[in-house]
Amino acid sequence: MPTYFTDKSLKFLRGLARHNERAWFQAHKADYDAHVREPFQRLLGDLQAPLAKVSAHFRSDPKTVGGSLFRIHRDTRFASDKAPYKAWQGARLFHERSRQVPAPSFYLHLQPGNCFVAGGIWHPEPPAQRQIRQFIFDNPGGWKAAAHAPAFRRRFDLEEDEKLVRPPRGFPADFEFIEDLKHRNFVAARAIEDGTLLGPRLLPTLEKDLQALAPFMDYLCAALDLEF
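A brief look at the structure comes next. (Residues numbered from 1 in each chain as written. Predicted model: local features only at pLDDT ≥ 70, side-chain atom pairs only at ≥ 80, totals over all residues. Heavy atoms only, no water.)

## A few points about the nonpolar core
Argument step 1. Phe40, Leu43, Phe106 and Leu110 are the most contacted members of the largest nonpolar core, which has 61 residues in total.
Argument step 2. By residue number, the principal contributor to this core is helix α10 (residues 202-223), which donates twelve residues.
Argument step 3. Among all residues touching Phe106, those that are not within four sequence positions of it are Leu51, Val54, Phe58, Ala91, Arg92, Leu93, Ala118, Gly119, Leu210, Leu213 and Met217. (Core = buried A, V, L, I, M, F, W, Y, C linked by side-chain atoms within 4.5 Å. Buried < 20%, exposed > 50% of the residue type's maximum accessible area, 1.4 Å probe, protein only. Helix = DSSP H or I, 4+ residues; strand = E, 2+ residues; numbered from the N terminus. Contact = heavy atoms within 4.5 Å.)

Listed below in structure tokens is the structure:
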């Protein structure tokens with residue numbers, strides 16, 4: 001089985017976290033390309049076939065620009081933290097219509113001690129957020145099967161940050177999944193140990209994760225009137 005990342009991948013990201021400045025990055029850019037960007041692009045290419053088996057409407061695009069890989073550069077224009085780089089590398093396996101309408105994505109995150117795989121929609125705009133909440137309220141049985149099936153919850157956790165304190169307006173407080181309706185983000189995630197990330201089991205592990213996330217992603221697509 002192929003391997004992608006090595007100790008040098010994590011070493012670069014640890015170094016970047018300690019020396020988050022342009023001079024250091026430029027001096028080590030060859031390490032970034034060889035040990036982070038290029039192996040991540042190979043992984044994205046190898047995920048294309050497994051992803052197509054899960055859904056014909058999602059893309060794992062290994063292109064350097066405009067593909068699945070997020071830029072390592074941070075957008076600091078409106079941020080109080082002016083560090084120029086992310087101390088991690090992320091990639092999203094995006095819906096074919098994601099550039100036209102709000103859509104969920106699969107997500108892969110490479111960071112020493114904090115690697116994970118996820119699926120869902122992060123920070124949806126209020127209309128999309130309201131649409132998802134209403135769909136859950138109108139289809140609670142499907143949500144229970146997609147987000148609360150025992151096998152699913154043994155593997156994934158629902159993202160719990162940025163929850164409303166009170167039920168969102170228009171929804172009864174005694175609704176079975178009112179705590180889920182309080183979510184700002186609708187995301188399920190699972191941590192991946194660094195050892196798995198560096199070893200030959202990474203690709204088959206991610207294949208299983210994509211398959212296991214499929215019902216959850218299918219539900220979110222249905223909520224947003226998207227094909228899965």
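## Let's talk about the sheet that holds strand β4 (residues 115-121)
Argument step 1. Spatial ordering of the open sheet is given by β1-β2-β3-β4-β6-β5, a layout of six strands whose pairing is antiparallel. Of all the strands in the sheet, just β1 (58-59) and β5 (157-158) have a single pairing partner and so form its edges.
Argument step 2. In this structure, strand β2 (residues 89-95) lies alongside strand β3 (residues 105-110), joined through six bridges in antiparallel fashion. Bridge pairing in β3 links Phe94 to Ser105.
Argument step 3. Sitting on the sheet, α10 touches β1, β2, β3, β4, β5 and β6 (186-192), and the angle it makes with β4 is about 20°. (Pairing = 2+ DSSP bridges. Axes fitted to C-alpha atoms, helices over the stretch in contact; angles between N-to-C directions.)

## Examining the layout of surface pockets
Argument step 1. The calculated volume of the largest pocket comes to roughly 700 Å³.
Argument step 2. Elements represented by at least two residues in the lining of the largest pocket include exactly β2, β3, β4 and β6.
Argument step 3. Of all the elements, β4 adds the most residues to the lining of the largest pocket, at five residues.
Argument step 4. Taken together, the residues of the lining of the largest pocket sort by class into 14 nonpolar, six polar and five charged.
Argument step 5. Estimated volume of the second largest pocket: approximately 320 Å³.
Argument step 6. Along its surface, the second largest pocket is lined by 15 residues, and Thr64, Val65, Phe70, Arg71 and Ile72 are the ones closest to its centre.
Argument step 7. Residue composition of the lining of the second largest pocket, grouped by class: six nonpolar, five polar and four charged. (1 Å grid on protein atoms, 1.4 Å probe; cavity = no way out; pocket = protein on both sides within 12 Å on 5 of 7 lines; lining within 4 Å. Points joined across faces, edges and corners; volume = space filled by probe spheres on them. Nonpolar A, V, L, I, M, F, W, Y, C, P; charged D, E, K, R; others polar.)

## A closer look at helix α6 (residues 140-147)
Argument step 1. Taken as a whole, α6 has its buried residues at Trp143, Ala146 and Ala147. The buried residues of α6 occupy one face: seen down the axis, they fall within an arc of 75°. α6 presents Gly141 and Ala145 as exposed residues on the side facing more than 90 degrees away from its buried surface.
Argument step 2. Lining the buried residues of α6 we find α5 (126-138), α7 (150-155), β5, α8 (178-181) and α10. (Arc of directions from axis to C-beta.)

## What to know about empty space enclosed by the protein
Argument step 1. If you walk through the whole model with that rule in mind, you get one cavity of 30 Å³ or more.
Argument step 2. Each pocket or cavity is described by its volume, and for the largest cavity that value is around 70 Å³.
Argument step 3. Around the largest cavity, the lining residues are Phe5, Phe40, Leu43, Leu108, His109, Leu110, Phe116, Ile192, Leu197, Leu202 and Leu206.
Argument step 4. Put simply, the parts of the chain that give the lining of the largest cavity at least two residues each are α3 (29-46), β3 and α10.
Argument step 5. The element best represented in the lining of the largest cavity is β3, accounting for three residues.
Argument step 6. Residues that form the lining of the largest cavity fall into these classes: ten nonpolar, one polar and no charged.

## Things to note about the side chain of Ser55
Argument step 1. Along the chain, Ser55 turns up in the loop between α4 (48-54) and β1.
Argument step 2. We classify Ser55 as buried; its relative accessible area is 2%.
Argument step 3. Within polar-contact distance, the side chain of Ser55 engages the backbone nitrogen of His57 at 3.0 Å. (Polar contact = N/O pair within 3.5 Å; in protein donor to acceptor, adjacent residues only side chain to side chain.)

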